[in-house]
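Overview (structure and organization)
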Number of protein chains: 2
Amino acid sequence: MDVIKELKGELGEKVLTEPEDIYAYVTDASNVLRQVPLAVVRAYSTEDVSKVLRIANETSTPVVVRGGGTSLTGASVPVKGGILLDVTPMDGIEVNVDDGWVMAEAGATVAKVDQECRKYGYFFPPDPASSRYATIGAALAENAGGLRGAKYGVMKNWVLSLEVVIPGGEVLRIGKPLYKWRWGPDLISLFIGSEGTLGVITKAWLRIYPLPEKVVRILGLFNSLEDAGRAIFEIRRSGILPTMLELLDDESVNIVREQSGLDIPETEAMIIVDVDGPKEAVWRLANQVTEIIGRNGGKAEASDDPEEMKRLYAVRQGIYAAVTRTYKGVLIEDVVFPVSKLVEALREIKKIKEKYGLPMPTFGHAGDGNLHPNICYDPDDPEQVKKAEEMFREVALLAIRMGGSLSGEHGIGLTKKELLVEELKSVNSLGYLKLVKEIKRVLDPKGIMNPGKLYP
Amino acid sequence: MDVIKELKGELGEKVLTEPEDIYAYVTDASNVLRQVPLAVVRAYSTEDVSKVLRIANETSTPVVVRGGGTSLTGASVPVKGGILLDVTPMDGIEVNVDDGWVMAEAGATVAKVDQECRKYGYFFPPDPASSRYATIGAALAENAGGLRGAKYGVMKNWVLSLEVVIPGGEVLRIGKPLYKWRWGPDLISLFIGSEGTLGVITKAWLRIYPLPEKVVRILGLFNSLEDAGRAIFEIRRSGILPTMLELLDDESVNIVREQSGLDIPETEAMIIVDVDGPKEAVWRLANQVTEIIGRNGGKAEASDDPEEMKRLYAVRQGIYAAVTRTYKGVLIEDVVFPVSKLVEALREIKKIKEKYGLPMPTFGHAGDGNLHPNICYDPDDPEQVKKAEEMFREVALLAIRMGGSLSGEHGIGLTKKELLVEELKSVNSLGYLKLVKEIKRVLDPKGIMNPGKLYP
């Protein structure tokens, strides 16, 4: 059976095989590996996805699902060739304000889903920095987080119901778009974090949240990174529950300043804090935050001016792009620490940086304990490549040793498979991996779904 | 191999076999079936649970886990005999405010966990009406909900990490007590809603939430049940996001009044609404609620007096007990409707009540669309028994037909296995059941875990 002939017979012009058509699909934002797929299928419907998974299963052809291609771990690189399933044409969105949900097809971007909800006075809280490109299906498959996680959590906290296509082409519906439903085991989270290795999420019904009446954004500047860490811990501990609680170190701030031309002051560490809530209360809460910043040696400025707030947000959202424009090689970490150990973690990360001598701008969702040290190197210098890889491993092992995790939101993909084993060992959880592999065999006995990823 | 001898060899006096010791375990709050187990094991540690699951697996002996025995669907009745595993001695609780979680062993009650958190200015939001007896392990296995669900959701929304023992005795750790962690598929929710059919939850690390600065409780009285339904929908739709949004019909109110001796006014329908948040804002939000109640023909009274608030809460929390004291036979529904269809649902439920002529006090978490019609009958009258069973089925099918669900929080257990199939058919989800059964075979190939429950 000729896979391409079969695909074209069922899906016609949705199947792309010409080199110029498929070249854009050889890698993703991770840029760690490049591989040309056998064919790209642009899916327009659940039925299209079902056809692809039937043909792929019959012919034992690998299938890699791709949304916006923003993975930083290589999750959407077709490392074993096969079919690259592009779900971006499936981008329908339906808001049901009366019942408090939004239905999004896999290819709708996270930002578009949020925008649609805002037309009705609601919003969709998870907000990955790549939200303008990242798609709902992929954000769920990766359990993405983002800038509003300190208060609103990650993707998995917002799912009411899923439609999933599994190998063979069967369409599975899990749950209903209700505030509550109880079947048996809640299989939803089986697909959350599965990185396309178990099936294809085609539709999701997601909870939405009323827009806060007011937001105040606070900029905090510190002469010491550790002071900033202490302030973050105190803010988190105070019970204020900020929406956003971001940290940028000096290197990060300098890079954004150079790249953006924005007028950003010199500083050792910057934090950006959002406080939201009922209009009468937000300024008082914001003042509590500025007080905590002051108590920890920082200088704070709070604002509810939309332009000023947008400017600050752009600083944070644009930083990874600025780093990759500055350095040819970047390995981005996604480590998590218990918030109570944030100060110690920042100290240890600095030691690692000094030991290796490579630039490592560090920023992230520190309010969640989630940091993104960016290890920057020259990919044409073998010695720097080696150093960078060692640094990457050392930072991840530090997180594991301190009771944290190697990933908060970017996932495992290609780049963290071996490190995942280290983390599982640290909590005696190799049984988790065994069980996940057995469940994978139930759903995908031929191993066609995103082979080479996730499972060491 | 003699199971009891083996158990006593490993667990000594934790194994109970004398009739007077095990009689309390023959049924649970559902009271639909009674069965004497072969033995009761009182587990004091994860190791104890592991020993039981090793011996049970080796001897193919059924294992039924039991917490407080508050299941309303028969989930903890040992219908096939075997080992009744009582986890209530495992009741350790550890609050870590700095990192925002509480660790609870399976047998700790939900109320105790909440109380411990309150010592530190935090609380544990899920609040089943049975929280003084319901245990954490069981509340997770059932994905319990409760009175604060309108704002804070159900058990599954609060889990960071689980420790689970699976058949054969292996201890599995899933995740870490961090705001974020990303391994592969997030297997946590596999055990949420599994009703003890896949393994035993022994420990859970749960997110905690800062105590609201202020709560105002509003009582709304209506001359018409449908008006109350309309008010509930409008409150929910307003974006106020009340913590609690409960409905009681006239029959429910009358029963509580008679049983409690409390001074509760005559009314066709009562709603109880909690609004929480920062101190400056709560009264304004409460006033918005009273306005909505007034606009829909109701009479509202708001209070922040702790005694008055406690009194109202007791009315709602005590109602199911009052119903079971009033009627010998009670079948409790747990149906969910889309909130936008609540008024229609209340009208249709009333029609069913009139058709059958049995008492059916109806109350519930209407803000979530979750209602508990209580079908009351005389168990010694075969005609009433038959009628009650038909009514039960008709109400559940109504919910399914209206896009709702047969259960919001009580689960499937013994009493809803056939109805679950109807619901799955209604959304073309029989594939869900097939997959769940295949995963069950992976974890529990001998089918020892809570046999006879959940899976039709």
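Residues numbered from 1 in each chain as written. Chains lettered and ligands numbered in written order. Predicted model: local features only at pLDDT ≥ 70, side-chain atom pairs only at ≥ 80, totals over all residues. Heavy atoms only, no water.

**Section: the sheet that holds strand β4 (residues 83–86) of chain B**
Residue and element names in this part refer to chain B. Read from one edge of the open sheet, 4 strands run β1-β2-β4-β3, paired in mixed fashion. Of all strands in the sheet, those with a lone pairing partner are β1 (15–16) and β3 (63–66), marking the two edges. Contacts between helix α3 (residues 46–59) and the sheet are confined to β2 (39–42), β3 and β4, with β4 contributing the most and set at about 170 degrees to the helix. (Pairing = 2+ DSSP bridges. Helix = DSSP H or I, 4+ residues; strand = E, 2+ residues; numbered from the N terminus. Contact = heavy atoms within 4.5 Å. Axes fitted to C-alpha atoms, helices over the stretch in contact; angles between N-to-C directions.)

**Concerning the sheet that holds strand β5 (residues 93–96) of chain A**
All names here are of chain A. Here we have 5 strands laid out as an open sheet, ordered β5-β6-β10-β8-β9, and antiparallel in their pairing. Pairing within the sheet leaves two strands with one partner each, and these edge strands are β5 and β9 (171–174). When strand polarity is set aside, the average angle formed by the axes of neighbouring strands in this sheet is 10 degrees. Sheet analysis places strand β8 (residues 159–165) next to strand β10 (residues 200–207), joined by 6 bridges and oriented antiparallel. Bridging from a neighbouring strand, L162 pairs with A204 of β10.

**Side note on the domain arrangement of chain A**
Residues and elements named next belong to chain A. Domain annotation of chain A identifies domain 1 (3–86), domain 2 (93–210), domain 3 (214–320) and domain 4 (327–416). Each of domain 1 and domain 4 has a C-alpha centre, and the two are 31 Å apart. Each partner contributes residues to the interface: domain 1 has 6 residues there, and domain 4 has 8 residues. Interface area, domain 1 with domain 4, both sides summed: about 590 Å², of which 75% is carbon and sulfur. When the area that domain 1 buries against domain 4 is broken down by residue, the three leading residues are V32, L72 and T73, summing to 78%. On inspection of domain 1 and its partner domain 4, the count reaches 0 salt bridges. At the boundary of domain 1 and domain 4, one finds 2 residue pairs in polar contact (both at pLDDT 80 or more). A class-by-class count of the residues in the side of domain 1 that touches domain 4 yields 4 nonpolar, 2 polar and no charged. (Domains from an automatic or database assignment. Buried area = accessible area lost by both parts, 1.4 Å probe. Salt bridge = Lys/Arg side-chain N within 4 Å of Asp/Glu carboxyl O. Polar contact = N/O pair within 3.5 Å; in protein donor to acceptor, adjacent residues only side chain to side chain. Nonpolar A, V, L, I, M, F, W, Y, C, P; charged D, E, K, R; others polar.)

**Quick word on the side chain of S161 of chain A**
All names here are of chain A. Note that S161 resides in strand β8. Residue class for S161 comes out buried when judged on its relative accessible area of 0%. Of note is the side chain of S161, whose polar atom sits 2.8 Å from the backbone oxygen of G175. Residues contacting S161, with those up to four places away along its chain left out, are R173, I174, G175, K176, P177, I188, K203, A204 and W205. (Buried < 20%, exposed > 50% of the residue type's maximum accessible area, 1.4 Å probe, protein only.)

**Thoughts on the interface of chain B and chain A**
Each partner contributes to the interface: chain B provides 86 residues, whereas chain A provides 86 residues. Approximately 7,100 Å² of surface area, both sides summed, lies buried where chain B meets chain A, with 57% of it carried by carbon and sulfur atoms. The tally of links between chain B and chain A comes to 20 salt bridges. Salt-bridge contacts for E213 of chain A lead to R284 of chain B; the nearest nitrogen and oxygen are separated by 2.7 Å. Linking chain B to chain A there are 43 residue pairs in polar contact (both at pLDDT 80 or more).

**Some remarks on the environment of K416 of chain A**
Residues and elements named next belong to chain A. Mapped onto the elements, K416 comes out in the loop between α14 (382–401) and α15 (417–426). When its relative accessible area of 2% is taken as the criterion, K416 is described as buried. Taking the C-alpha atoms as reference, K416 lies 9.8 Å from F392; in sequence the two are 24 residues apart. Not counting chain neighbours up to four residues away, the residues in contact with K416 comprise T73, D334, F392, L406, S407, H410 and G411.

**Remarks on the relation of the copies chain B and chain A**
One copy of the chain maps onto the second through a rotation around an axis plus a translation along that axis. Superposing chain B onto chain A takes a rotation of 180 degrees combined with a translation of 0.0 Å along the rotation axis, leaving an RMSD of 0.0 Å. Overall, the copies show the geometry of a two-fold rotation axis. When the interface residues of chain B are mapped onto chain A, 100% of them are again interface residues, pointing to one common binding face. (Least-squares fit on C-alpha atoms with pLDDT ≥ 70 in both.)

**Quick word on unusual backbone geometry**
All names here are of chain A. We note that S60 has phi near 50 degrees; this positive angle belongs to a residue other than glycine. With respect to the helices, strands and loops of the structure, S60 is situated in the loop between α3 (46–58) and β3 (63–66). S60 gets classed as partly exposed once you look at its relative accessible area, which sits at 44%.

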